[in-house]
Amino acid sequence: MDAHILEKLRAIVGARGLITSPEELRTYDSDALTNFRAMPRAVLLPSSTEEVQAIVRVCHREKIPFVARGSGTGLSGGALPVENGIVISLTRMNRILEVDLANAQVVVEPGVLNLDVTGRVEERGYFYAPDPSSQSVCSIGGNVAENSGGAHCLKYGFTTTHVLGLEVVLPDGSLIHLGGKTLDAPGYDLAGVFVGSEGTLGIATKIILRVVKRPECVQTLLAAFPSTNEAGAAVSGIIAAGMLPAAIEMMDNLAIQAAEAAVHANYPNCGGLLLVELDGPFAEVKELMSHVNEICRANGASEIRLAQSEAERALVWKGRKAAFAAMGRISPNYIVQDGVIPRTALPQVLSEIERLGKEAGLRVANVFHAGDGNLHPLVLYDKRIPGQEDAAEKLSNRILELCLAAGGSITGEHGVGEDKKKMMSKMFAEPDLDTMQRVRCAFDPLQLSNPTKVFPRPRLCGEKPGEYVPHPLESAGIADRF
Amino acid sequence: MDRSTSTKTVAVMASLEESLRAIVGPQHLRVALEADAVAGVQPGIVVEPATQEELASVLRLSNDAGLSVIPRGGGTKLGWGNPPARAYLILSTSRLNRIIEHVWADLTVSVEAGCTVQHLQDALAQHGQRLALDALWPARSTVGGVLSANDSGALRLRFGALRELIIGVTLALSDGTLASSGGKVVKNVAGYDLQKLATGALGTLGIITRAVFRVHPLPRISRTFSVSTQSFEQSQDVLNAVQDSTLAHTALQVRAAADSLPRVDVLFEGTDVGLGAQEAQLRKLLAPLAKSPSTAWNARQDLWNGSDSAVIAKCSVLPAYIAKTLNAIQRLGTQHQTRWQAVVEAFGIGWLRLDGSPENLISALQELRAQPESKSGSLILLHRPSALPPFDAWGNVGDALPLMRAVKQQLDPKSTLNPGRFVGGI
C-alpha cells in the first residue's frame, strides 16, 4: 500500500486513529481463534459513521480489502485480517445513542458491549436477551456480524430476533438504513440478511435493538445424572411435556471438572449435569419446575438442586459461561467446535464423539446448549506433543461431519469465518452457495468487505447490474418484450 | 397478456406450452380463466407442477422465453402489492403440498410450499404442537403464500413473525436454480439467511418450494380478557400498563372503529394455576375486566368480510404512537367521509379498513400514509377496490431501494417473477 494512501487514511482518523507499527498491529493479527494470524497493513479506529464512510470510500477507490472488527472475541476467525489489508476497529464507536423504553428499544453504536445494553435498561426491568458467554467483553457490532446466540436463545431467539434496524456503510462507502424502529418496513428484509453475514456485506454503524421486559421470576435447577445419556433423555422429556425453558445446558464430566477447577461453581461430580432455567410468572414457573424435577428423577437424576438465591443462580451460570476458558485448567490447548445436531440425535452423536476421541487418543469435553442441540465439543490436546495438534484438528472436523450426517449444522453461533469455510461445501450444495454469493454481489460487487471469509471459494460478480440486454430470442426476432 | 401480441410471440408461446406440458403432464397445464386474473391483469396459462424440480424447470423455460410468471399458492392474497406489470403464466404450488417431515421431538417441521396452513396445523396438533402463527384464512392460504406475503397476526407478540419461525428454505430462482439455505436445526448461523430474504419478498426473488419451521407446543389452556376503554389514549394506557408489567401475555390488541368505543383484548396461554395467578394480576391492573370468547382474535380476518368496495391497509407505527395514529385515522375518516375499523397489535402493527367512495378513499389514504411515515412507520395497501385510482401499495422505501434493486437484479435479472408488484416497481 502506497504511503499516500496511508496519508489519506491518517487525514480521516487523525494520527491517534491509525496504527501501522508492527508491534501494535500484532494485537490485531487474529481474533480469539488464535491459530489463524495475518498482519494487516494498518488498523483504523474511526469515531463516527462519517469516518467509517470516508475510510471505506478510500478502500473502494483503491480496491483495498478491509475487515471490520469489534472486540475480537470471535471464535471462527471472522475478524482475521486480510494480509496487508485494512482493519477497521469499531471500539471507539461505543456510545449508547438512545434509550426508548416506551417502545422497548435502544439505539447503539457497534462498539457498545453486549452487557452494557442490559446495564442501561435493567433499572427499569428490561434486559437485552442475546447472551453469548463472552457478553461482558463482546461488542454489539460483532454480535450483529455473527448473529450471536447464547444460552437463552432457546426461548428468546438470537441477535437477529433483537435487531430492528441498522445503519450500514456499504462496501462502496454509501450509507443505507435497513429495517427501522417500526416493524415490517416495506421492501426486502435486508436487515435479516445482513445480521449473521460475518462482515461480508458492509459495516453496521448504528444498531436499533429490541429489549425485553424481565420476567417476574427466574428459577434455575441443577440435576446430576450418571451420564449424558440420562441427562439427554430428561431434556427430551421436558420438551415432550410441552415446556419451553429459558435455557437447558448440559456438561459432561470433563467439562464439570474444568469448570470446578476454574470458578468453584460447586457442581456435583457426575457423568452428565443438566442446568434447566425456567422464567415467567411465579405461579407458572413453580408449577412447571416441579414437573421438571419429576422428569429428572424419572430419568435417573441422583441429585437435584434448585438455586436458592440470585447469588447461587449467578454462580451456576458463572461455571457454565467459564467452561471454555476453564479448559486451560485441564489441558494446555483445546479446539472449540460449534456444531449443531437435531436434539434427538444427541445420544448417538455423543457416543460416536467418544469413540472417535478414543481412536485419536484425545480427550473431548462436552458443553452444550442441549435445548437446541448446539454442541460445543472441546477437543483437548498438547501442542508440544508432535502430531497432536494435527490429530486434534482432524478429530474436530470429523465431529462437524458427524453433525452434518445427523442433519445438523457446522455452526450454531460462532460463525463460519475463516475456520469453517471449507466445511461449507459439505453442508451446502454448489447452487446454494452460488445463490448466497449472488446476494453478496449485490452488496459488494468488488468483494472488498471481509472478502476471504464464509465461502469456500470466491465468485466473480461479473457484469454490474446495468442496462437491459436483449434476449437472443428477441434479437433473433422470435420473441417480443412485454 | 398484451392484446397486440405478435404472431411470432404466439409461436414462441405455443412451443413453450408444449415443452411445459411435457414437464407437468397435459392435464396440469390449462388456459387461464377470468377467475385467474391478478389484480385485473389476465394471465395466459396456469401450470401446476408436482415437484420442485418440475417447478424449477417451468420457471426456467418461461424465463428463457422472456415470459412473466406469477407464483400462486391458495390465491388468497394475490391482490396484495401493486398490480403486476405483466402476467403470462400462473405457477401454482397446489400440488406441492406434502408435509415432508415433522420431527416432533426436535420441534421442527419441513413442508412443501403448497401445503395449506390448516393442513400443517392439523398434522402438528397430532403431536400437541403448532406453528405459532395466526395466518389469515388458514384453510386456503399456503405455507409459501403466507411466507411470501409475510402474514402474521396477534401471536407475533410472543412468538415473533415468520422470520423468527422459518429456519430453512428452498427457492426456485428464475434461471431454474434450486437453492437452499438454513437447515433443519433451530440454531444455525452457517451461510446467509436467505429464508429471511424470501419472507415478505412477495415471490419477486424466487419461488419458495419448501420451508422448514421451528414449532411450539400447543398451549394447555388459553384465556382471553377484554376491557372497554373510553378513548384511544385510555387504550394506549392499557397497552402500556400490560406491556410494562411482568405478565406473560401471548397477545394484546386494540379493536377500534369510527362508531364504537375501543376495546383492548389480552390473551394468556399456559397452565391452569399459572393463568389463575395472571388473571388476578391483570385484574389489579385493569378494571372492569371481562372474559371474552376467543373469537376476539378473528377481528383481523373479519375486516375482510364483504370488503369488495373497501380498502384494507397494514399500518406499522411505534408502539407508543398507537393512540396518536388512531386519533389521526378518526380525524381523517371524518374529513374524507370514510368509515373505518382497525385492529392494532401492541407491537405497533395494525390493519385498517376504510369504506367510502373511491375518491374519498384515495384522498384519505394519501393523507393517512403521511402519519406513520412521519414517525418512521409505514402504511401498505393490502386490498383495494377495482375502482380505486392508482395508488402505490408500498409508500416510501427509504435509501435501501437501490440495494433492493441490485438484489433483484442478481436473482431475477429479467424480472420474470411478479414484475411490478413489489416496492419501487420491482
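All figures in this text were calculated on a predicted structure; none of them were measured in a lab.

Focus on the overall build of chain B
Step number 1: Counting its regular elements, chain B contains 13 helices and 19 strands.
Step number 2: Taken over C-alpha atoms, the radius of gyration comes to 22 Å for chain B, in line with the 22 Å a tight globule of 426 residues would show.
Step number 3: Taking the principal axes of the C-alpha coordinates as reference, chain B spans close to 75 × 55 × 35 Å.
Step number 4: Counting only residues that meet the buried cut, chain B has 57% of its 426 residues in that class.

A few points about the packing of helix α1 (residues 7-24) of chain B against helix α2 (residues 52-64) of chain B
Residues and elements named next belong to chain B.
Step number 1: At a minimum axis separation of 10 Å, α1 and α2 run at an interaxial angle of 175°. Accordingly, the angle class assigned to the pair α1 and α2 is roughly antiparallel. Residue-level contacts link L16, S19, L20, I23 and V24 of α1 to E54, S57, V58, L61 and S62 of α2.
Step number 2: Here the residues of the contact of α1 with α2 sort into six nonpolar, three polar and one charged.

As for the packing of helix α14 (residues 346-360) of chain A against helix α15 (residues 388-405) of chain A
Residue and element names in this part refer to chain A.
Step number 1: For the pair α14 and α15, interaxial distance at closest approach is 10 Å and the crossing angle is 160°. With respect to their mutual orientation, α14 and α15 come out roughly antiparallel. Note that α14 runs across α15; the crossing there is right-handed. Of α15, the residues touching α14 (which contributes V349, E352, I353, L356, G357 and A360) are A391, L395, R398, I399, L402 and C403.

Focus: the interface of chain A and chain B
For an interface, size is often stated in terms of accessible area lost upon the parts coming together.
Step number 1: Facing 80 residues of chain A, the contacting portion of chain B comprises 80 residues.
Step number 2: Sort the elements by how many residues they give to the side of chain A that touches chain B and helix α17 (residues 430-443) of chain A lands first, with nine residues.
Step number 3: When the residues that make up the side of chain A that touches chain B are grouped by side-chain class, the tally is 37 nonpolar, 27 polar and 16 charged.

Considering the sheet that holds strand β8 (residues 163-169) of chain A
Strand-to-strand pairing in sheets goes through backbone hydrogen bonds, with the strands running parallel or antiparallel.
All names here are of chain A.
Step number 1: An order of β5-β6-β10-β8-β9 is seen for the five strands of this open sheet, with the pairing classed as antiparallel. The open sheet is flanked by β5 (96-100) and β9 (175-179), the only strands paired with a single partner. Pairwise comparison of adjacent strand axes, ignoring direction, gives a mean angle of 15° for this sheet.
Step number 2: Direction of pairing for β5 relative to strand β6 (residues 105-108): antiparallel, over a ladder of four bridges. The residue of β6 that forms the bridge with E98 is V107.
Step number 3: Sitting on the sheet, helix α4 (residues 114-121) touches β5, β6 and β10 (203-210), and the angle it makes with β6 is about 135°.

Some points on the pairing of β6(A)
Residues and elements named next belong to chain A.
Step number 1: Two successive antiparallel strands, β5 and β6, enclose a turn made up of four residues, where A104 displays a positive phi of approximately 50°.
Step number 2: Both β6 and β10 contribute to a ladder of four bridges, which runs antiparallel. Following the sheet pairing, V106 is matched in β10 by L209.

Looking at the sheet that holds strand β1 (residues 18-19) of chain A
Residue and element names in this part refer to chain A.
Step number 1: Judged by pairing direction, the sheet is mixed, and its four strands sit side by side in the order β1-β2-β4-β3 without closing on themselves. The open sheet has two free edges, formed respectively by β1 and β3 (66-69), since each of these has just one partner strand.
Step number 2: Sheet strands in contact with helix α1 (residues 3-13) are β1 and β2 (42-44), and its direction is about 20° off that of β2.
Step number 3: Along the sheet, helix α3 (residues 49-62) makes contact with β2, β3 and β4 (86-89), crossing β4 at roughly 170°.

Considering the pairing of β8(A)
All names here are of chain A.
Step number 1: The buried fraction of β8 is high, at seven of seven residues.
Step number 2: Sheet analysis places β8 next to β10, joined by six bridges and oriented antiparallel. Bridge pairing links L166 to I207 in β10.
Step number 3: Across five bridges, the pairing between β8 and β9 is antiparallel. For V168, the partnering residue across the bridge sits in β9 and is I176.
Step number 4: Where β8 hands over to β9, the hairpin turn is made up of five residues, of which G173 adopts a positive phi near 95°.

Quick look at the environment of A:P81
Step number 1: On the secondary structure map, A:P81 appears in the loop between β3 and β4.
Step number 2: Placed 77 residues apart in sequence, A:P81 and A:F158 show a C-alpha to C-alpha distance of 26 Å.

Topic: α15(A)
All names here are of chain A.
Step number 1: Taking 1.5 Å per residue as the helical rise, α15 with its 18 residues ought to reach 26 Å, and the 25 Å between its terminal C-alpha atoms agrees with that figure.
Step number 2: Burial in α15 covers these residues: A392, L395, S396, I399, L400, L402 and C403. Considered in projection along α15, the buried side chains sweep an arc of 155° and stay on one side of the axis.
Step number 3: Next to the buried residues of α15 lie β16 (333-336), α14 and β18 (374-381).
Step number 4: Positive backbone phi, approximately 90°, marks G407, located one or two places after α15.

Some words on the domain arrangement of chain A
Residue and element names in this part refer to chain A.
Step number 1: Under the domain assignment, chain A is made up of domain 1 (3-89), domain 2 (96-213) and domain 3 (217-405).
Step number 2: For domain 2 versus domain 3, the separation of C-alpha centres amounts to 28 Å.
Step number 3: Each partner contributes residues to the interface: domain 2 has five residues there, and domain 3 has 12 residues.
Step number 4: The class makeup of the residues in the side of domain 2 that touches domain 3 is two nonpolar, two polar and one charged.

Brief notes about the domain arrangement of chain B
Residues and elements named next belong to chain B.
Step number 1: Along its sequence, chain B is carved into domain 1 (7-94 + 413-425), domain 2 (99-217) and domain 3 (220-395).
Step number 2: Spacing between the C-alpha centres of domain 2 and domain 3 amounts to 26 Å.
Step number 3: Every contact between the two is made by nine residues of domain 2 and, on the other side, 11 residues of domain 3.
Step number 4: Of the residues belonging to the side of domain 2 that touches domain 3, the class tally is five nonpolar, one polar and three charged.

Quick notes on unusual backbone geometry
Residue and element names in this part refer to chain B.
Step number 1: In this chain, A287 is followed by P288 through a cis amide linkage whose omega measures -10°.
Step number 2: Relative to the assigned elements, P288 resides in the loop between α9 (272-285) and β15 (290-292).
Step number 3: Phi is positive for Q337, close to 50°, though the residue is something other than glycine.
Step number 4: Summarising the element assignment, Q337 is placed in the loop between α11 (322-335) and β17 (339-345).

Observations regarding the confidence of the model for chain A
All names here are of chain A.
Step number 1: For chain A, the mean per-residue pLDDT works out to 92, and 96% of the residues sit at or above 70.
Step number 2: Contacts for the low-pLDDT stretch residues 463-474, under 50 throughout, to residues beyond four places or in other chains number 15 contacts.
Step number 3: This stretch, residues 476-482, has a pLDDT under 50; its non-local contacts, to residues over four places away or in other chains, come to 19 contacts.

Reading guide: rules and limits
- Residues numbered from 1 in each chain as written.
- Chains lettered and ligands numbered in written order.
- Predicted model: local features only at pLDDT ≥ 70, side-chain atom pairs only at ≥ 80, totals over all residues.
- Helix = DSSP H or I, 4+ residues; strand = E, 2+ residues; numbered from the N terminus.
- Rg over C-alpha atoms; globule rule 2.2 N^0.38 Å.
- Buried ≥ 20, exposed ≤ 12 C-beta atoms within 10 Å, placed from the backbone.
- Axes fitted to C-alpha atoms, helices over the stretch in contact; angles between N-to-C directions.
- Parallel < 35°, antiparallel > 145°, perpendicular 65-115°, else oblique.
- Contact = placed C-beta atoms within 7 Å.
- Nonpolar A, V, L, I, M, F, W, Y, C, P; charged D, E, K, R; others polar.
- Left-handed = near helix turned anticlockwise from the far one by under 90°.
- Pairing = 2+ DSSP bridges.
- Expected span 1.5 Å × (residues − 1).
- Arc of directions from axis to C-beta.
- Domains from an automatic or database assignment.
- pLDDT = per-residue confidence, 0-100.

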